[in-house]
Amino acid sequence: MTDFYVLKLLDKLRGGFSRIGVDYDVMRSILQVKLTMDGRRTPTVLAGMQKKEEMKEGSPLRVQWIYLLFGVMLIPLMMLTGNYMLQMSLVFGVVMFMITTTLISDFSSVMLDLRDKNILASKPVNRRTLNMAKSIHILIYLFSVTLTLTGPSLIFCLFKQGVLFFLLYAVEIILMDCFILVITALLYLMIMKFFDGEKLKDIINYVQIILTIGITVGYQLVIRLFDIAEMSLSFNPAWWQYLISPIWFAAPFEMLIGGAGDTNFVVLSVLALVIPLLLIVAYIKLTPLFEKSLQKLSEQGNVGKSNARMVDWLSKITCKNPVEGMFFRFSWSMMKNERDFKLKVYPAIGYSIVFPFIFIFGILWDGNVSSIKGSSTYLMIYFGATLLQTVVLMLRYSGSYKGSWIYKLIPLPNTAPIYRGMLKAAIVRLLLPLFAIEAIVYLWLFGLRIVPDLVVVLFAMLIYAVICFRSYPPVLPFSERYEAAKQKDYTANSFGLLFLLMGMAGIHYVFTLFTGGVYIYLLALVVLNLWIWRITFPKSVSSAGHGSSFPG
Amino acid sequence: MGLADDPVIAISGLWMNYTDRMVLRGIDLKVYKGQIIGYIGPNGAGKSTTVKIMLGLVEGYNGKVEIFGRDIADGDVSYKKRIGYVPEVAELYDSLTAREYLTFVGELYGMKRSDVDYKAGKLMDLLGLEKAYDSRIATFSKGMKQKVLLISSMLHDPDILFLDEPLSGLDANSVMVVKEIFASLAARGKTIFYSSHIMDVVEKISSRIVLIDGGDIVADGSFAELQEKGREGSLEDIFNQLTGFDKYRDIAGEFVAVMQEVPSHD
């Protein structure tokens, strides 16, 4: 175990901790263990790219180059002078968004670690020490993320905007961290009050989708907001602005540096100072309640049985072969329940939602609504299929991969129906709903004329699904451990698949150039679909194809 | 069996309810030095809850729990220094290595790191885990994890051991070693509070058996005493009689019948 630098810093406060009844040595060893364990965890932001660093002893500060990158992107915002209100609201908006979502998606597992109860509380550790260790652990994490994220802009503003600005910014960042921490904890408390632990974990998954979408869209938005900023919009206080916390944090800049004396700014500035402090007090008061609610996490909520009939029906209409139907239902429920699968796949869903709209969004922003109607931009919907690569790849992994002995036990003559059922389940469960939503928005944007094109896209995506499946070596669903994912590098593969997707859109475009082309293409795709599904998942036992071998 | 001195554990009128049901209905129990208590009962009888209350893991109970003569509700957690605990589910920080985990636990008990390291290393050797000391616990088999848990509960030489299914996953040889450890600890005046579903083991190693059912103690005494009270047969039989469970033949018969049923519908 490494001795962490943070802990050496903390050692200086030893006396202070002892004075408030904290057993410092015990707290220090708890923190050391916690930080060591963090170093062995992969953060969500990097989950997709993490490679063979498993054995490397890390600190929680190790992975944060990505936050540094986002931090550097904040610098342009710092260059503006004059309109502090707009500038700083934006800065705090971005930073608060990033930190909150990171805190929820990455650190929830730490905040909600149930093992703590059995392992730590059964030892002679007093409650104050335990709570202090927990709080400091979260604070270390929070501050290290905040520092990497705001560091570049902090240094920049010291030179560009002066010392007063720098100090104000630094103090407000600390206040903001308190604000975020307490708000997140209260959010958890509320969720746990009304729902069970499973629901909370679901919500954490949804936050991950939001994180992905938010970063992508947010960046687009920030770039475009520059245009407004240069027009120097004046700030007109309105009642609802009192509800938006980044605005509170922006107000002191306007007041102290911009020299505005308006009561509105004074009130907003006071809010920025008082609310975080009040929340901290509330948090300390509520900690015991929080601990109590944590127990609920371990209680097993009822897993909904309600849609079993729907899955049954879906498996019947999509699969003729009973074995295939069986694996359709199996894959369906695994995708629904497997926590790690969702964790890995949901960010990809986020991208699949965002990509088809980014470029269109750009055009709409420039006000060319009419130009879009007649264009071929709708082909961007092909990017909605990018999630298939991730889904198909991830279907082979499972947290409970050891359960795969069942495949070896049951007498199955052929693996083709397994793969076919699995792929169909993935398409029906994840791709089709996404495609339906995107198609509806596209229809609204482009008009009914694109209906035949959308049908073509759907068939093309079905072919793409099979190609995705074929591009990876076949492994039975949910039969490998996630750690194995890090050892195999499929980057080249996924780039290839991305180019293929663009190529498919290109071919589609060519067929739109002449009348009736779309229908000819559609016919070709239907035939191609029949063919590719048949050769990939051969019916007869003897065919080699993909039905070759069980994994060792 | 009780020695002349004061009980190490004294529970009186212990009631506990979770949101929807009563788990414990007035448990009274005194435990003395050197006893090996087999704490048995059907699933959901309240065994784990009793242990968790004594460890301070569960709060909100009614009644009085005294350990080493002190009420545990007085807010002083130092009594836990003299207690070791092996939880029911093998819960440990498995991304740590055995060395890291065990030294950490030792430190929580207020021991010096180097002392714990030395002791833990030796104990690991003795249980045949010398090669695994620096491997991550996540890679361990069930039995190995159980051994780590057992070591972590005894590192600090506690006076009371609370063990929940402590032999689960251990091979026959290790079971013999561990049972022998328990016996010699009891001979040295330690108290072992042991819950298990494996009646043969409980029958053999316990000096006193406490059977709880529906949140209440239904039998208390040594195996010989339980037999004397007109309960014939093995502990398993006594267990069945006392928990009012006599339908096992019917259930098994029905189970097999359902198993072999030919579905009438498609």
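Worth saying up front: this structure is predicted, and the values here are computed from it rather than measured.

Draft legend 1. Broad picture of the overall build of chain B. For chain B, the helix and strand inventory stands at nine helices and ten strands. For chain B, whose C-alpha radius of gyration is 20 Å, the value lies close to the compact-globule estimate of 18 Å for 266 residues. Counting only C-alpha atoms and orienting by the principal axes, one finds that chain B spans roughly 65 × 50 × 40 Å. The proportion of buried residues among the 266 residues of chain B is 50%. Look at the contacts in chain B between residues 6 or more apart in sequence, and 66% of them connect residues 24 or more apart. Per element, the accessible surface of chain B, about 13000 Å² overall, is 51% carbon and sulfur. Taken as two groups, the 30 positive and 40 negative side-chain charges of chain B have centres that lie 6 Å from each other.

Draft legend 2. Just the confidence of the model for chain B, in detail. All names here are of chain B. The predicted model of chain B has a mean per-residue pLDDT of 86, with 95% of residues at 70 or higher. Here helix α8 (residues 235-242) stands out as the least confident element of chain B, with mean pLDDT 78; helix α3 (residues 113-126) is the most confident, with 93. For this predicted complex, the interface score ipTM comes out at 0.79, alongside a pTM of 0.70.

Draft legend 3. Layout of the pattern of salt bridges. All names here are of chain B. Enumeration over the complete set of coordinates arrives at 16 salt bridges over all chains. The residue R99 makes a salt bridge to D117 at a minimum N-O spacing of 3.0 Å. Taken as a pair, R99 in helix α2 (residues 98-108) and D117 in helix α3 lie far apart in primary sequence, 18 residues in all. Of the charged contacts in the structure, one is a salt bridge between D220 and R208, with a shortest N-O distance of 2.9 Å. Here D220 is found in strand β10 (residues 216-221), whereas its partner R208 is found in strand β9 (residues 208-213), with twelve residues between them in sequence.

Draft legend 4. Structural detail: the sheet that holds strand β8 (residues 191-195) of chain B. Residues and elements named next belong to chain B. In spatial order, the strands read β6-β7-β8-β3-β9-β10; together these six strands make up an open sheet with mixed pairing. Each of the sheet's edge strands pairs with one partner strand only, and the pair in question is β6 (83-86) and β10. The sheet shows a mean angle of 15° between the axes of neighbouring strands, taken without regard to direction. Strand direction decides the pairing type here: strand β3 (residues 36-40) and β8, joined by four bridges, are parallel. The residue of β8 that forms the bridge with G38 is Y194. Sitting on the sheet, α8 touches β3, β9 and β10, and the angle it makes with β9 is about 30°.

Draft legend 5. Main features of the sheet that holds strand β5 (residues 70-71) of chain B. Residue and element names in this part refer to chain B. Pairing is antiparallel in the open sheet, where four strands are placed in the order β2-β1-β4-β5. Since the sheet does not close on itself, it has two edges, and those belong to β2 (22-31) and β5, each with one partner. Direction of pairing for strand β4 (residues 62-67) relative to β5: antiparallel, over a ladder of two bridges. Residue I67 lies in a different strand from β5, and its bridge partner there is R70.

Draft legend 6. Examining helix α19 (residues 416-446) of chain A more closely. All names here are of chain A. When the local axis directions of α19 are compared, the greatest deviation, roughly 35°, occurs at L431, which is followed within four positions by the proline P433. The buried count for α19 comes to 22 of 31 residues, which makes it a mostly enclosed element. In the segment just after α19, G447 is the residue with positive phi, at about 90°.

Draft legend 7. Structural detail: the interface of chain A and chain B. Contacts between the two partners involve 28 residues from chain A and, on the opposite side, 24 residues from chain B. Summed over both sides, the interface between chain A and chain B buries roughly 2500 Å², with carbon and sulfur atoms accounting for 59% of that surface. One can count two residue pairs in polar contact (both at pLDDT 80 or more) joining chain A with chain B. Looking at the side of chain A that touches chain B, the elements that each hand over two or more residues are α3 (24-39) and α7 (115-120) of chain A. Ranked by the residues each element gives to the side of chain A that touches chain B, the list is headed by α3 of chain A, at eight residues. When its residues are assigned to classes, the side of chain A that touches chain B shows eleven nonpolar, seven polar and ten charged.

Draft legend 8. Representation of the packing of helix α14 (residues 322-337) of chain A against α19 of chain A within the structure. Residues and elements named next belong to chain A. The interhelical angle for the contact between α14 and α19, taken along N-to-C directions, is 45°, at an axis separation of 7 Å. Comparing their axes, α19 and α14 come out oblique. Crossing geometry of α14 relative to α19 is assigned as right-handed. Taking contact as the criterion, the partners of V323, E324, F327, F328, S331, W332, M335 and K336 in α14 are, on α19, P417, I418, R420, G421, M422, K424, A425, A426, V428, R429 and L430. Of the residues contributing to the contact of α14 with α19, the split by class is twelve nonpolar, two polar and five charged.

Draft legend 9. View of the packing of helix α22 (residues 491-512) of chain A against helix α23 (residues 517-536) of chain A. All names here are of chain A. At a minimum axis separation of 7 Å, α22 and α23 run at an interaxial angle of 135°. The angle between α22 and α23 falls in the class oblique. Contact residues: M504, I507, H508, F511 and T512 in α22; G517, V518, I520 and Y521 in α23. Grouping the constituent residues of the contact of α22 with α23 by class yields six nonpolar, three polar and no charged.

Scoring rules and cut-offs
- Residues numbered from 1 in each chain as written.
- Chains lettered and ligands numbered in written order.
- Predicted model: local features only at pLDDT ≥ 70, side-chain atom pairs only at ≥ 80, totals over all residues.
- Heavy atoms only, no water.
- Helix = DSSP H or I, 4+ residues; strand = E, 2+ residues; numbered from the N terminus.
- Rg over C-alpha atoms; globule rule 2.2 N^0.38 Å.
- Buried < 20%, exposed > 50% of the residue type's maximum accessible area, 1.4 Å probe, protein only.
- Contact = heavy atoms within 4.5 Å.
- Areas by Shrake-Rupley, 256 points an atom, 1.4 Å probe, with all protein chains shown as cover.
- Lys, Arg positive; Asp, Glu negative; His and termini not counted.
- Charge placed at Lys NZ, Arg CZ, Asp CG, Glu CD.
- pLDDT = per-residue confidence, 0-100.
- Salt bridge = Lys/Arg side-chain N within 4 Å of Asp/Glu carboxyl O.
- Pairing = 2+ DSSP bridges.
- Axes fitted to C-alpha atoms, helices over the stretch in contact; angles between N-to-C directions.
- Bend = angle between axes of the 7 residues up to and from the residue.
- Buried area = accessible area lost by both parts, 1.4 Å probe.
- Polar contact = N/O pair within 3.5 Å; in protein donor to acceptor, adjacent residues only side chain to side chain.
- Nonpolar A, V, L, I, M, F, W, Y, C, P; charged D, E, K, R; others polar.
- Parallel < 35°, antiparallel > 145°, perpendicular 65-115°, else oblique.
- Left-handed = near helix turned anticlockwise from the far one by under 90°.

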